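Chain by chain, the residues:
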Amino acid sequence: MSSLTVYHQSSPDVPNKMLTHLEDIASTLGAVGVRFERWQAAAKIQPGASQDEVIAAYRPQIDQLMREQGYVTVDVVSLNKDHPQKDELRAKFLDEHQHGEDEVRFFVAGRGLFSLHIDDYVYAVLCEKNDLISVPAGTRHWFDMGEFPHFVAIRLFNNPEGWVANFTGDEIASRFPRLED
Ligand SMILES: CSCCC(=O)/C(O)=C/O
Ligand SMILES: [Fe+2]
Ligand code: NI
């Protein structure tokens, strides 16, 4: 079940609120400029599936997002627990960073935990299959796929160079809960 847990940045052990209803999650995130929607990921895709297979299965949804929002490139992160570089890939996203463009992710299988550091709060968003999240450019955040990753996310970019992360150097992420396996 997708969820949103909100913490004050100084209290990683004591959440201020935890939400599981889509409308509550979407409105709380919407109030801080983050788009969160439930789409239909109807095609059966297994974590570990190839990029070409995922893009072909979700071409209509990808085209809709590209048309509506002007995204120019797309790629896929598709991982399962047997991936030989799973630890390195997990580590790549675990520290707080920002991007110069919106972070748009459509989960078509499995799950992952985005933590967004906005003003004095941390919004921990457990994204699952069917969830579309768009985090505005410049938002401080990190992402945990867990020790045993199991997800497929389609990533859309408005920068032709694709994914560029600027790490903030803040160790805040190490104080907050990680994805529970
Ligand atoms: C959910 S896709 C992999 C994570 C990612 O692309 C990112 O930028 C995390 O912050
Ligand atoms: Fe990111
Ligand atoms: Ni699964």
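Residues numbered from 1 in each chain as written. Chains lettered and ligands numbered in written order. Predicted model: local features only at pLDDT ≥ 70, side-chain atom pairs only at ≥ 80, totals over all residues. Heavy atoms only, no water.

- The protein goes by Acireductone dioxygenase in an unreviewed UniProt entry, where it is assigned to Aquipseudomonas campi.
- Under Subunit (unreviewed entry), UniProt gives the following word-for-word description of the protein: "Monomer."
- Quoted verbatim from the Pathway (unreviewed entry) heading of the UniProt record, the comment on the protein is "Amino-acid biosynthesis; L-methionine biosynthesis via salvage pathway; L-methionine from S-methyl-5-thio-alpha-D-ribose 1-phosphate: step 5/6." (UniProt positions renumbered as here; feature names shortened; annotations may be inferred.)

## A closer look at the site of ligand 1
Item 1. Around ligand 1 there are 13 residues in total, and H97, E103, R105, R155 and W163 lie nearest to it.
Item 2. The separation between an oxygen atom of ligand 1 and a polar side-chain atom of W163 is 2.6 Å.
Item 3. Listed by contribution, the elements that provide at least two residues to the shell around ligand 1 are β6 (103-118), β9 (140-144) and β10 (151-157).
Item 4. The greatest single-element share of the shell around ligand 1, amounting to 4 residues, is contributed by β6.
Item 5. Taken together, the residues that form the shell around ligand 1 break down as 7 nonpolar, 3 polar and 3 charged. (Near = heavy atom within 4 Å. Polar contact = N/O pair within 3.5 Å; in protein donor to acceptor, adjacent residues only side chain to side chain. Helix = DSSP H or I, 4+ residues; strand = E, 2+ residues; numbered from the N terminus. Nonpolar A, V, L, I, M, F, W, Y, C, P; charged D, E, K, R; others polar.)

## Examining the side chain of S78
Item 1. Within the secondary structure, S78 is located in strand β4 (residues 73-79).
Item 2. Note on S78: relative accessible area 15%, which makes it buried.
Item 3. In this structure the side chain of S78 is engaged in a polar contact, spanning 2.8 Å, whose partner is the backbone nitrogen of G48.
Item 4. Here the side chain of S78 touches A49 through a polar contact of 2.8 Å, landing on its backbone oxygen.
Item 5. What S78 contacts, discounting residues up to four positions off in sequence, is Q46, P47, G48, A49, F151 and V152. (Buried < 20%, exposed > 50% of the residue type's maximum accessible area, 1.4 Å probe, protein only. Contact = heavy atoms within 4.5 Å.)

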